[in-house]
Every structure is written in C-alpha cells, then in structure tokens.
Amino acid sequence: MENKTLMTDFYELTMAQSYFDQGKKEEKVYFDIFFRTNPFNGGYTMTGGLGETIEYLQNFGFAEEDIEYLKTTESFSDEFLEYLKDLHFTGDINAMPDGTAAFPNEPVLTVRTNLIEAQIIETALLTNFNHGGLVTTKAKRITSTAGNIPVLDFGARRARGIDSAIEASRHAYIGGCRGTSNVYAGKKYDIPVSGTMAHSMIQEAECEYEAFLSYAKSHPNNCIFLVDTFDTLKSGIPNAIRVSREYLEPNGYRLKGIRIDSGDLTYLSKAAKNMLVEAGYEDVKICLSNGLDEYTIAKLLRQKAIVDSLGVGDNIIASKERLNGVYKLVATEKDGKMVPKIKVSEDPIKTTNPGLKTVYRFYDYDSNKALGDVIATSEEKIARDQYTLVSEKEPWKKKTLTDYRIRKLQIPIFKNGELVYQEPTIKEKQSYCECEYQTLPDYITDIENPGTYYVDLSKQERRLKEYMLYEAEQKIATQALEELSYQKVKKNHI
C-alpha cells in the first residue's frame, strides 16, 4: 500500500514544528470528526472513508525522500526532521463503521494520540470521511429510491481524478449500487463489473445494424444494445430485434437487453416495451440512464416508466454537494487526567461539544426503528428504563422513551497504534449499510421533505458545555477590562 503521509496541509507541519519546539510532542490530545448539516438537504448521512483511513494509518510514516523534500522548504529544524524520521501512528481511534447512519454534531470518529501525530493526520482523515460519507450517502439515497430496481455506478469518468473514481466506486457499492463500470475498482474491491457499449461504437460503424451485429458476434451471451444514438423507436429497437433474429437466435443466443440514454425516458421505455412485446421479446430488459438522481428516479417511478435497471453516473460519483466534516480539539490530558476543551463561536452552530463523548442510539424493541440519539460524556451511564430526549435546536420539543434498547455507535479501531478492528468485506459493509438504513424512520428518509431526527446532549454533557461557555465569557470579559485599563494607562502616560 502506498505511503501518503505527506498528504497533509502545510500548516499541520508548521504547527507540529512549533509544538516540538515547545516540548509538547508527548502531550496527549483528543480530536473529534463530525459534521454540522446533512448533505443534499437530507435527513441523514451514511458514514464512509474508514477503510481508507485504516490503510493510511497503517502506512503512516515519513520516508527518507519525504524528509529530503521537507528540507527544501526551509521551514523545519534539523532536530524536528530527525524526529519525523521515526514517527508512526501510536494512538487510539474509535469510530462509527462505514455505512453507519449518522447525524449532525455526533462524533463519527475520535482520535486520542500525541499532539503532533493528531495534527499531521487531520487532512487525510477529513478527506477520507468527507468523500466517503458524501458518496455513500448519495448512493443510498438513489438506491433506496430505486427500491428493488438495480442501480449500477457508471460515473468513473466524471470523478475528480483516478484515485477519486476508484474510491468512489467502493463507496457507491457500500451505499447499495449492484455493480460498477469501473474495472479497476471491480478488481481491487471485488465489485461486480457491468457495461454495454458507447454511442461512439455505433457512430464509427457503417450503420447501426452493423455496430449491433459486430457487438453481438463478440458478446453473444450478454447482448445489451444502446438504442438511442439516432432514433430509439424508428432505428434502435428495430435494429436490436433484427440482430437478435438474424444472428443471435440462429446461433442459440437471445437479446438480453437495451439501454436508453436520452430523451423522454418514461415515454420511450413504455413505447420500447410495447415494440419488444409485439415482436416476442417480452423478456428483454430495459436499462435507463442519462443524468439520473433520486428525484428523477422517483419521477420515473411515479410515471410508471418501464425499467429493469438504472445506470447512474456523475450524480453519485461527482456530486455537486459537499459533506463538511470538521476535525476539532475536544480535550487534552494533564497529569493523566482529561481536560475538556471547547471552541466558542458567535455562530452557535460552530460552538463545539467539549470532552470525550459517547454516542448512544435508542431503538424501539418491537420495530427496531431508531428513536433518537444522545451525546453523553464518556463516563456517563444512560438509563435503561426511561429516557427523555430534548431537541437541541428546539428545546421545548421533548420525547420520552420507554421499552427501548441502547447501542454505542463508535467502536475501537486502533489501540496504542495497533489495528484491533477486523474490517468487514465490501459485501458485508453493503449489507450493514442497508440494515442501518432500514432502522431509520420514514420521516427521516423522505427525500423531498425529511423531518428532524432527535440528537440530544445528555444532562452531564449539557452542563459541561454551559459551564465552559460561562468560563469563556468570563475570560473574554476579564481580557476586555484588562485591555481597557491598559489603554487608560497608556493614554495618561502619553
């Protein structure tokens, strides 16, 4: 596996140099990765990127050529660069597994390690989470809308680079896609590969019929023709039927399917189906593609389009949305004890939840549907018989729970730098993601107008946050008074 330790922002290293100079290289710190809003104006987010993070941390360390490169920047001392030569990940990681349903402000991943390691790994961990979570979430939105209709990932060419395309296909499969057009991803991650032909093959041939015939001769067992290059109903469908009758059937094969990639997909799919049935090809499958997403798929289904599979490209792999995961310091250690830290902002949404925390999810015993989550301090015990959830944004909204089970969402991944997590296969991750999705109530998964899921701060965590906010206000007030006094003395002196 490739060493990508230098995939970090430069300021992570300049801060690390400063920490090194201050003698803080052994100081233990805690950082949380979380996000503030769900992407796609949705009601949930499916986590992703943990697999890449595991690979990254297992190979974390500066090679000799990395050190030589850093010397050329003339920003680091020889002592610090010597220290980097032996650096490797020595900390703890707790995280939600890939494909977990998560919600704003919940710690998806928590790091405990020394200050320098924690800073250097920030960029890679955020990159992995933001990309992985975004693609997995979009794929789940699309595949859940499609229901039992298979969705295939066709988006490699729309990705933002080769590595991005490969990893995106991985996340799309975890999010529910049945296969990918990306052959490299298929080989690397054991994802079923699928594909037919492009318009260029038909344009290059003497005529559409010749293009279909040549393809049939090469792939008689899997003939799926792209029928919309010239005219779907007047040319594409008739030529597909003709090739089947003149070549496939005489040789013991049969037309398997057609793909329509432009035009009014609902109208064309119905008309194409009628033509196929009249010709005795009622078993031929219809694949639809062309800029599809969860909204256009929902529209196709409402209009009763005839569709057996869906090809989705850029709207999974290269979504225009972002998942804005952040990495924030929540605690340090002093004399072996955890010291909570808080980031205060004039924008309330950017004020962090301090300290080491545990996220618990409540499930209804009968339906196994998620009822709500609570973010608690790490040492806190949650009542097993009755619990009242309070909406953080709208504290007058409360929900008292009974007859529930509780689950911790984060699990240990690394302990003292050693991997302690047995990573599931990609098929197991896909199954887990689907099971997670099935626990979400309908009002959360609605793609048009989702409701708000209850994510509460426990009483203890809320008190800690309020106390630290009060302390921060007092500090600011004291500093303001000191500055005012200083300005008066300065004025009198002048």
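To keep things clear, this report deals only with the structure shown in the data block. (Residues numbered from 1 in each chain as written. Predicted model: local features only at pLDDT ≥ 70, side-chain atom pairs only at ≥ 80, totals over all residues. Heavy atoms only, no water.)

Scanning the chain for helices and strands turns up 17 helices and 21 strands. With 494 residues in all, the chain has 53% of them scored as buried. Counting contacts in the chain only where the partners sit at least 6 residues apart, residues at least 24 apart contribute 73% of the total. Counting every atom, the chain has about 24300 Å² of accessible surface; 49% of that belongs to carbon and sulfur. On the chain, the mean spot of the 62 positive side-chain charges and the mean spot of the 73 negative ones are 4 Å from each other. (Helix = DSSP H or I, 4+ residues; strand = E, 2+ residues; numbered from the N terminus. Buried < 20%, exposed > 50% of the residue type's maximum accessible area, 1.4 Å probe, protein only. Contact = heavy atoms within 4.5 Å. Areas by Shrake-Rupley, 256 points an atom, 1.4 Å probe, with all protein chains shown as cover. Lys, Arg positive; Asp, Glu negative; His and termini not counted. Charge placed at Lys NZ, Arg CZ, Asp CG, Glu CD.)

Strands pair in a sheet through their backbones, by hydrogen bonds, and they do so in one of two ways: parallel or antiparallel. In spatial order, the strands read E18-E14-E15-E21; together these four strands make up an open sheet with mixed pairing. Only two strands of the sheet have a single partner each, and these edge strands are strand E18 (404-408) and strand E21 (455-457). Adjacent strand axes in the sheet meet at a mean angle of 25 degrees when their direction is disregarded. (Pairing = 2+ DSSP bridges. Axes fitted to C-alpha atoms, helices over the stretch in contact; angles between N-to-C directions.)

As for its placement among the helices and strands, Lys-273 is situated in helix H12 (residues 265-278). Taking the C-alpha atoms as reference points, Lys-273 and Tyr-432, 159 residues apart in sequence, are found 36 Å from one another. Among all residues touching Lys-273, those that are not within four sequence positions of it are Glu-282, Val-284, Ile-286 and Ile-306. For Lys-273, the side chain forms a polar contact with the main-chain oxygen of Glu-282, separated by 2.8 Å. (Polar contact = N/O pair within 3.5 Å; in protein donor to acceptor, adjacent residues only side chain to side chain.)

Before going further, it helps to spend a moment on the nonpolar core. Leu-84, Ile-93, Ile-116, Ile-120, Ile-121, Leu-125 and Tyr-327 are the most contacted members of the largest nonpolar core, which has 69 residues in total. Among the elements that take part in this core, helix H6 (residues 122-146) stands out by supplying five residues, more than any other. The residues touching Tyr-327, leaving out its near neighbours within four places in the chain, are Phe-31, Asp-32, Ile-33, Val-111, Ala-118, Ile-121, Glu-122, Leu-125 and Leu-126. (Core = buried A, V, L, I, M, F, W, Y, C linked by side-chain atoms within 4.5 Å.)

On to the packing of aromatic side chains, then. What describes a pair of aromatic rings is the distance from one ring centre to the other and the angle between the planes of the rings. As enumerated under the stated definition, the model contains 16 aromatic pairs in all. Measuring from ring centre to ring centre gives 5.3 Å for Phe-20 and Tyr-83, while their planes differ by 40 degrees; the resulting arrangement is tilted. Within this pair, whereas Phe-20 is found in helix H1 (residues 10-21), its partner Tyr-83 is found in helix H4 (residues 78-85), the two being separated by 63 residues in sequence. Judged by relative accessible area, which is 18%, Phe-20 ranks as buried. For the pair Phe-362 and Tyr-404, a centre-to-centre distance of 5.0 Å together with 85 degrees between the ring planes defines the contact as edge-to-face. Taken as a pair, Phe-362 in strand E14 (residues 357-364) and Tyr-404 in strand E18 lie far apart in primary sequence, 42 residues in all. On the basis of relative accessibility, which here comes to 0%, the residue Phe-362 falls in the buried class. In textbook terms, an aromatic cluster arises when at least three aromatic residues are bridged by ring pairs, as seen for Phe-10, Phe-20, Phe-76, Phe-80 and Tyr-83. Geometry around Tyr-437 places Lys-140 over its ring, the cationic atom sitting 5.6 Å from the centre. (Phe/Tyr/Trp six-rings, centres within 6.5 Å; stacked < 30°, edge-to-face > 60°. Lys NZ or Arg CZ within 6 Å of the ring centre and 35° of its normal.)

Glancing now at the pattern of salt bridges. Scanning the entire structure with this criterion turns up 24 salt bridges. Glu-106 is paired through a salt bridge with Arg-361; the nearest N and O atoms lie 3.9 Å apart. One end of the pair, Glu-106, is in the loop between strand E4 (101-102) and strand E5 (109-114); the other, Arg-361, is in strand E14, with 255 residues separating them in the sequence. Judged by relative accessible area, Glu-106 falls into the buried class, the value being 0%. Between Glu-436 and Arg-407 there is a salt bridge, and its shortest N-O distance comes to 2.8 Å. One end of the pair, Glu-436, is in helix H15 (residues 426-438); the other, Arg-407, is in strand E18, with 29 residues separating them in the sequence. (Salt bridge = Lys/Arg side-chain N within 4 Å of Asp/Glu carboxyl O.)

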